[in-house]
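Working through the structure, step by step
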Amino acid sequence: KNQVEQSPQSLIILEGKNCTLQCNYTVSPFSNLRWYKQDTGRGPVSLTIMTFSENTKSNGRYTATLDADTKQSSLHITASQLSDSASYICVVSQAFKAAGNKLTFGGGTRVLVKP
Amino acid sequence: NAGVTQTPKFQVLKTGQSMTLQCAQDMNHEYMSWYRQDPGMGLRLIHYSVGAGITDQGEVPNGYNVSRSTTEDFPLRLLSAAPSQTSVYFCASRPVGQETQYFGPGTRLLVL
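Residues numbered from 1 in each chain as written. Chains lettered and ligands numbered in written order. Predicted model: local features only at pLDDT ≥ 70, side-chain atom pairs only at ≥ 80, totals over all residues. Heavy atoms only, no water.

Let us look at the pattern of salt bridges. Applying the stated criterion to the full structure yields five salt bridges over all chains. With a closest N to O distance of 2.8 Å, Arg61(A) and Asp84(A) form a salt bridge. Of this pair, Arg61(A) sits in the loop between β6 (56-59) and β7 (62-67) while Asp84(A) is found in the loop between β8 (72-77) and β9 (86-94), placing the two residues 23 residues apart along the sequence. Asp38(B) serves as the salt-bridge partner of Arg36(B), at 3.0 Å between the closest nitrogen and oxygen. Among the ionic contacts, a cluster of salt bridges with common partners joins Arg36(B), Asp38(B) and Arg44(B). (Salt bridge = Lys/Arg side-chain N within 4 Å of Asp/Glu carboxyl O. Helix = DSSP H or I, 4+ residues; strand = E, 2+ residues; numbered from the N terminus.)

This brings us to the pairing of strand β1 (residues 4-7) of chain A. Along any regular strand, the residues point their side chains to alternate faces of the sheet. Residues and elements named next belong to chain A. Where burial is concerned, the two faces of β1 differ: the one with Val-4 and Gln-6 is buried and the one with Glu-5 and Ser-7 is not. Bridge count between β1 and strand β3 (residues 19-25): four bridges; the pairing is antiparallel. Looking at the pairing, Ser-7 lines up with Gln-22 of β3. (Buried < 20%, exposed > 50% of the residue type's maximum accessible area, 1.4 Å probe, protein only. Pairing = 2+ DSSP bridges.)

Okay, the pairing of strand β6 (residues 54-57) of chain B next. All names here are of chain B. Direction of pairing for strand β5 (residues 44-51) relative to β6: antiparallel, over a ladder of three bridges. Residue pairing in the sheet places Tyr-48 in a bridge with Asp-56 of β6. The turn linking β5 back onto β6 is made up of two residues, and Gly-53 within it adopts a positive phi angle of 85 degrees.

This paragraph deals with the side chain of Ser49(B). Residues and elements named next belong to chain B. By the element assignment, Ser-49 lies in strand β5. Among the polar contacts listed, one links the side chain of Ser-49 to the backbone oxygen of Ile-54, at a separation of 2.5 Å. Here the side chain of Ser-49 touches Arg-68 through a polar contact of 2.7 Å, side chain to side chain. (Polar contact = N/O pair within 3.5 Å; in protein donor to acceptor, adjacent residues only side chain to side chain.)

What follows covers the packing of aromatic side chains. Considering all chains together, one arrives at seven aromatic pairs over all chains under this definition. An angle of 25 degrees between the planes, with centres 5.3 Å apart, marks the rings of Tyr25(A) and Phe30(A) as stacked. When the ring of Tyr31(B) is compared with that of Tyr48(B), the centres are 5.8 Å apart and the planes differ by 25 degrees; the resulting orientation is stacked. Here Tyr48(B) lies in strand β5 and Tyr31(B) lies in strand β4 (residues 31-37), a separation of 17 residues in the sequence. For the residue pair Tyr31(B) and Tyr48(B), the accessibility class agrees, reading buried in each case. (Phe/Tyr/Trp six-rings, centres within 6.5 Å; stacked < 30°, edge-to-face > 60°.)

Residues and elements named next belong to chain B. In spatial order, the strands read β1-β3-β8-β7; together these four strands make up an open sheet with antiparallel pairing. Edge positions in the open sheet fall to β1 (4-7) and β7 (64-66), since each of these has one partner strand only. Across this sheet, the average inter-strand angle for adjacent strands is 20 degrees, counted without regard to direction. (Axes fitted to C-alpha atoms, helices over the stretch in contact; angles between N-to-C directions.)

This paragraph deals with the layout of surface pockets. The computed volume of the largest pocket comes to approximately 1,100 Å³. Along its surface, the largest pocket is lined by 42 residues, and Gly107(A), Asp38(B), Gly40(B), Met41(B) and Gly42(B) are the ones closest to its centre. Of all elements in the fold, only β1, β9, β10 (102-105) and β11 (109-114) of chain A together with β5, β9 (87-94) and β11 (107-111) of chain B reach the threshold of two or more residues within the lining of the largest pocket. If you tally residues by element for the lining of the largest pocket, the top one is β10(A), at four residues. Empty space within the second largest pocket amounts to approximately 270 Å³. As for the second largest pocket, its lining consists of 15 residues, and the residues nearest its centre are Arg42(A), Gly43(A), Pro44(A), Val45(A) and Phe103(B). Considering only residue class, the lining of the second largest pocket consists of seven nonpolar, five polar and three charged. (1 Å grid on protein atoms, 1.4 Å probe; cavity = no way out; pocket = protein on both sides within 12 Å on 5 of 7 lines; lining within 4 Å. Points joined across faces, edges and corners; volume = space filled by probe spheres on them. Nonpolar A, V, L, I, M, F, W, Y, C, P; charged D, E, K, R; others polar.)

Quick look at the interface of chain A and chain B now. In this complex, chain A contributes 21 residues to the contact, which on the side of chain B involves 19 residues. Interface of chain A and chain B: buried area, both sides summed, is about 1,500 Å²; carbon and sulfur atoms make up 50% of it. For the pair chain A and chain B, the number of links is zero salt bridges. Applying the counting rule to chain A against chain B returns two residue pairs in polar contact (both at pLDDT 80 or more). (Contact = heavy atoms within 4.5 Å. Buried area = accessible area lost by both parts, 1.4 Å probe.)

Printed below as a string of structure tokens:
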């Protein structure tokens, strides 16, 4: 069964500290992996997208890594800010159809940044 | 551009009632989709459309209908609401051939 597992489910960090979120997947065939940020009461917003050949991608203070061999990805948040408080969702895409790749969503990691 | 808009933001229904969740986008995206998000679970695809007049089922289509008469609009209909359909519903769109989806703000539905 194609699955995307994220850990931890939630974490609390102090403002200014770093943290790393994990994503393990069993989805195959693999097309790409994306990280989304979802603020409370809002829809998810894309942070990064990585294909099979990419092993790191940055977006400001967010850095995603991908190890396609072990089917693991991580999202590192540097120097956290209060606005980083959100859920972070890992999404893996399977390359089936040209018009609509199948997406498998992780359950998300809820991050709370405290002052 | 307003992006992807959804109405209503919040709705309470009684079991057996029907309703339509509205979704519209002004980006001329061909691909639109509906997801539901339940606590502790990933988003699950309900229905999707690759263009006007074309719709297809996703992972959890039972109890929902869709239609796509225009590029801009993609309404989701609940024919007879059940408590199991209590969830947050997200509409998303993207151009065909591009990977990143743009999500609406969501509709929170409570079925009593």
